[in-house]
Amino acid sequence: MRKVLVANRGEIAIRIFRALAELEIDTVGIYAQEDEASVHRFKADEAYLVGKGKKPIEAYLDSESIIDVAKKAGVDAIHPGYGFLSENLAFAKECEANGLTFIGPNTHHLDIFGDKIKAKKAAIEAGIPTIPGTDGPVKDIQDVLTFGEEHGYPIIMKAAMGGGGRGMRVANNPKEATEEFPRAKSEAKAAFGLDDMYVEKYIAEPKHIEVQILGDQHGNIVHLYERDCSVQRRHQKVVEVAPCVELEENVREELCQTAVKLMKHVGYVNAGTVEFLLENDSFYFIEVNPRIQVEHTITEMVTGIDIVQTQILIAQNKHLHSEIGLPEQKDIVLKGAAIQCRITTEDPANNFLPDTGRINTYRSPGGYGVRLDAGNGFQGSVVTPFFDSLLVKLSTEGLSYEKAVQKMTRALEEFRIRGVVTNIPFLINVLKHPTFKNGAMTTRFIDETPELFH
Ligand code: ADP
């Protein structure tokens, strides 16, 4: 592999360029017209406009234009990052058809895990605990009500194609189900083009725990332990922690082995994450994300393994241990703890309304144990309304969770961003809250803690 195109923007495009540069592979970037001044464009060895005349987000979904650029630039492979085309089966197939390596799992895995109903079936087949739910898509509201009657409320209605917490609604009774079902369905249709829905029992106070997996093309699969992503707003992650503080050692081992079992069952290749909900030491599979995730940084910090570099080497058919140099599973050990905060240009005092404009002051924290992954996080950059509002990911590590929390609190307080509003004051409140300090947060933490907003 000598030259790779990154079909993404912002911080994750830059993260991947860095991994490629370290591997001495040339980099090609793409940008939408509205991203003409975006920094990821200038971090690539060469960069090209895609999706001319299309809306900003659609430019990054314009597979024809992207593959055209890839061929003209003479690249060997495409890394899709997260979001956009990363889980798009048709795009992965188009890459293959054009002789380009798709840096990710096989199309077969995208097919299973792009659809949560198929994913759940695979988990059940592999003998992994799942949440009681409808076995397949529901036909209509009657199916939803029947499920509620048989299993009791609350229930959660979920889009099969869902992601980013969209197309998902909770109902506490038949009336709410009847109201929310069409809303969830149309949200799913708008966001994913498909509105197949399924229903599950709603777990009241779980932790969201996910296991990072790496698999090569020779059948080797390892886990890199878990992340606790319970700090969520509207089912979207805000702060992530590795490892989970409250997990007993035997439960951790069982959880990680369960994730490996599923991925071995499907013969998984490349980086992927198996997500679970955990309640009273019992865990239930929810989905697999067949791609790099936003929060991969903290797993890198606690294991010392560069996940993005490993993805690129796996795509070159290298052996996980003898060629890539990963330790055997028994020698992959957790060192200390790490935390990631997603710093967004959203106003916590105003219902997290996205803010835009020019950043006139940007002084980032640094020092030992601090990692920054930024897109347009620099003085003078302009935050536009066209894309998601993630500005910079701040990650810290320490010998213990307590030390990582102390470092994160200091780093957040050291940050100076002026000209656009950010969620930093909210994040500081989260870090200082006793529930978070004790590692005891559940997915209900933000909703149930109004003082975080002051
Ligand atoms: P997405 O793909 O949109 O991220 P997930 O299936 O990963 O959707 O779920 C996202 C979040 O929604 C979970 O972390 C959890 O907080 C909540 N959730 C999903 N399913 C359930 C459930 N059955 N019970 C309780 N919460 C759930």
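Residues numbered from 1 in each chain as written. Predicted model: local features only at pLDDT ≥ 70, side-chain atom pairs only at ≥ 80, totals over all residues.

- The protein chain is annotated in an unreviewed UniProt entry as Pyruvate carboxylase of Alkalibacterium gilvum.

## Digging into the pairing of strand S9 (residues 207-215)
Across a regular strand the side chains alternate sides, sitting on one face of the sheet and then on the other.
Part 1 of the argument: In terms of burial, S9 is a largely internal element, 9 of the 9 residues being buried.
Part 2 of the argument: Here S9 pairs with strand S12 (residues 270-279) via 9 bridges, running antiparallel. Across the sheet, the residue bridging to valine 211 is valine 274, located in S12.
Part 3 of the argument: Relative to strand S10 (residues 221-233), S9 runs antiparallel, the two being bridged by 6 bridges. Of the residues in S10, the one forming a bridge with isoleucine 213 is histidine 223.
Part 4 of the argument: Counting the residues between successive antiparallel strands, the hairpin from S9 to S10 contains 5 residues, one of them, glycine 219, with a positive phi of roughly 90°. (Buried ≥ 20, exposed ≤ 12 C-beta atoms within 10 Å, placed from the backbone. Helix = DSSP H or I, 4+ residues; strand = E, 2+ residues; numbered from the N terminus. Pairing = 2+ DSSP bridges.)

## Let's talk about the nonpolar core
Inside soluble globular proteins, nonpolar side chains tend to come together where they are buried.
Part 1 of the argument: Counting 116 residues, the largest nonpolar core has Leu5, Ile78, Val274, Phe276 and Ile339 as the members making the most contacts within it.
Part 2 of the argument: At 7 residues, helix H1 (residues 10-22) tops the list of elements feeding residues into this core.
Part 3 of the argument: For valine 274, the contacting residues outside a window of four places in its chain are Glu210, Val211, Ile213, Ala259, Leu262, Met263, Phe285 and Val288.
Part 4 of the argument: One finds Ala177, Phe181, Met197 and Val199 within the second-largest nonpolar core, a separate group that totals 17 residues. (Core = buried A, V, L, I, M, F, W, Y, C linked by C-beta atoms within 7 Å. Contact = placed C-beta atoms within 7 Å.)

## So, H1
Part 1 of the argument: Over its 13 residues, H1 runs 19 Å from end to end, which matches the ideal 18 Å to within 8%, given 1.5 Å per residue.
Part 2 of the argument: Most of H1 sits out of view: 10 of its 13 residues are buried.
Part 3 of the argument: Listed as buried for H1 are Gly10, Glu11, Ile12, Ala13, Ile14, Arg15, Ile16, Phe17, Ala19 and Leu20. (Expected span 1.5 Å × (residues − 1).)

## Some thoughts on unusual backbone geometry
Part 1 of the argument: A cis amide bond, omega 0°, links tyrosine 153 with the succeeding residue proline 154.
Part 2 of the argument: Mapped onto the fold, proline 154 is located in the loop between helix H8 (141-151) and strand S6 (155-159).
Part 3 of the argument: Following alanine 242, the chain continues into proline 243 via a peptide bond in cis, with omega recorded as -10°.
Part 4 of the argument: Take proline 243: it is sitting in the loop between strand S11 (236-242) and helix H10 (249-266).
Part 5 of the argument: Residues other than glycine seldom take positive phi values, yet asparagine 317 does so here, at roughly 70°.
Part 6 of the argument: By the element assignment, asparagine 317 lies in the loop between helix H12 (307-315) and strand S14 (337-344).

## Focus: the site of the ligand
Part 1 of the argument: Lining the immediate environment of the ligand, one finds 19 residues, of which Glu200, Ile203, His208, His235 and Thr443 sit closest.
Part 2 of the argument: Within the residue set of the shell around the ligand, elements represented by two or more residues are S12 and strand S13 (282-289).
Part 3 of the argument: Of the residues in the shell around the ligand, the class split is 8 nonpolar, 8 polar and 3 charged. (Near = placed C-beta within 6 Å. Nonpolar A, V, L, I, M, F, W, Y, C, P; charged D, E, K, R; others polar.)

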